[in-house]
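Overview (structure and organization)
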Amino acid sequence: MPHKTINSYPSIGKEAELPIFMRAVGCNEYQPDDDRLEGYIYHQIYFVEEGELRFSVNGENFRISPGMGFFIRAHCPYRIEPLTNLCTTHWVSFGCGCEETLFSLLALDDSLIYSELPVKELKMQLKEMYLLSTEDTFYSRCQNSANVYRYLMDFYAHHERRQTEKKEEAANPALLLAKRYIEQYYFDNLTLDTLASFANVSPQHLCRLFQTHMHMRPTHYINQTRIKVAKWQLHNTDKTISEIAEAVGFSTPYYFTNTFKKLEHMSPSAYRKLVRS
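As a starting point, this report considers the structure included with it. Please read these numbers as outputs of a predicted model, since none were measured by experiment. (Residues numbered from 1 in each chain as written. Predicted model: local features only at pLDDT ≥ 70, side-chain atom pairs only at ≥ 80, totals over all residues. Heavy atoms only, no water.)

One non-glycine residue with positive phi stands out, namely E116, at about 50 degrees. In this fold, E116 is placed in the loop between β10 (111-114) and α2 (119-135). Positive phi, normally seen in glycine, also occurs at N200, with a value near 60 degrees. Tracing the chain through its elements places N200 in the loop between α5 (192-199) and α6 (203-214). (Helix = DSSP H or I, 4+ residues; strand = E, 2+ residues; numbered from the N terminus.)

Quick look at the nonpolar core now. Counting residues in hydrophobic clusters, the biggest one holds 24 residues, and the most contacted among them are V92, F94, Y151 and L152. Going through the elements one at a time, β2 (20-28), β4 (43-50), β9 (88-96), α1 (99-105), β10, α2 and α3 (138-170) are the ones with two or more residues in this core. By size, the runner-up hydrophobic cluster in this structure holds 18 residues, among which are A24, Y40, Y42 and L53. (Core = buried A, V, L, I, M, F, W, Y, C linked by side-chain atoms within 4.5 Å. Buried < 20%, exposed > 50% of the residue type's maximum accessible area, 1.4 Å probe, protein only.)

With antiparallel pairing, four strands are arranged side by side in an open sheet as β3-β8-β5-β6. Each edge of the sheet is formed by a strand with only one pairing partner; in this case those strands are β3 (34-36) and β6 (60-64). Between one strand axis and the next, the sheet turns through 15 degrees on average, direction left out of account. Across three bridges, the pairing between β3 and strand β8 (residues 78-82) is antiparallel. Paired with R36 across the strands is Y78, a residue of β8. (Pairing = 2+ DSSP bridges. Axes fitted to C-alpha atoms, helices over the stretch in contact; angles between N-to-C directions.)

The side chains of a regular strand alternate between the sheet's two faces. Burial of strand β7 (residues 69-72) is two-sided: the residues G69 and F71 facing one way and the residues F70 and I72 facing the other way are all buried. Two elements, β4 and β7, share four bridges in a ladder whose sense is antiparallel. Paired with F47 across the bridge in β7 is G69. Examined bridge by bridge, β7 and β10 share four bridges and lie antiparallel to one another.

Taken in spatial order, the six strands make up an open sheet running β1-β2-β9-β4-β7-β10, and their pairing is antiparallel. For this open sheet the edge positions go to β1 (5-8) and β10, each flanked by a neighbour on one side alone. Each neighbouring strand pair of the sheet contributes to a mean axis angle of 15 degrees, computed without reference to strand direction. Judged from the four bridges that link them, β1 and β2 form a sheet pairing that is antiparallel. By the bridge assignment for β2, S8 is matched with V25.

One can describe the packing of helix α4 (residues 173-185) onto α5 by two numbers: an axis separation of 8 Å at closest approach and a directional angle of 125 degrees. Accordingly, the angle class assigned to the pair α4 and α5 is oblique. Taken as a pair, α4 and α5 cross one another with a handedness that is right-handed. When α4 is examined against α5, the residues A174, L177, A178, Y181 and I182 are found in contact with a partner set consisting of T194, L195, F198 and A199. Its residues assigned to classes, the contact of α4 with α5 comprises eight nonpolar, one polar and no charged. (Parallel < 35°, antiparallel > 145°, perpendicular 65-115°, else oblique. Left-handed = near helix turned anticlockwise from the far one by under 90°. Contact = heavy atoms within 4.5 Å. Nonpolar A, V, L, I, M, F, W, Y, C, P; charged D, E, K, R; others polar.)

Taken by themselves, the reported measurements are silent on function.
Encoded structure:
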C-alpha cells in the first residue's frame, strides 16, 4: 500500500531570527520507519492519530498509541518504527533561538512523552499551520512562528494538567479501582452500583470523583473504553457490527452505532472503510 504523505517545507527568511520559527509541518498516513542516528537538525513534536508505533530514544523504547505523542530535541538520536500497517502521525518541526531558557522552563530534556492528547484540536492547529505555510510569505511565516509557540505551550499545559490529574487520581484510590475495573470488564453489564461496590464508595461519591478528576460521568468513561476496543476490532477483525457491539458490552447494535457516532463523528461502517482503504 503506498504511503500517503502531506507536508510543507516553506522557505526560511528573516523569521529565523525570531525566538521560535516553524521549519516544516505534515502528516504521514502510513508512518515510515525513521532511524535518525544523529537526530534531526530541528526540534520536533509528533502525535499519533491511528495505529501504533515504537519510539526509541536514549536506550529506552516507548509504545505510542492513538492520543499519545512525543517531543524530540534537535540532534537527539531516535528511531520511529510503525507497529501497525495503518499508523497515522502528525508532526511539526521548529527552530528555537532561546531553547536553553525556554526548554528549561518547560522541563524539556532530549525527549518527552505525552498521553491523552486532544487530537482533534491539535489537528486543527496543524492544519492552520499547513495552510499558512503554503502561502510562503514573510507574513505567513511570522504567523506560524506564533502558532508554533502556542502549539508548544498547549502541549506543555496539557502535560502539566495530566500530571496534576494523575497525582489527584493516585490520592483517590477509589477512582483508580473503578477505572481498572472498567478497563478489565468493559464487556460486562457494568452498573454504577457495581463500580461503587468494587471501589468501596457510594455511587454518589464515585460520580463526584469522576466529575472532579476526569470531567465526565462513569458511564462516559465506560463508553470511551468500549469504543476504543471496538475501533481496534473494526480495523483488525472481520467481525460484523453486531458481533463487535456484543463483544464490547453494548446491549444492542443500535446503541453501539449511536454511541460510536457521538464519540467518533462517523458510523462504525464508515470508520472500518476509512481505516481499511
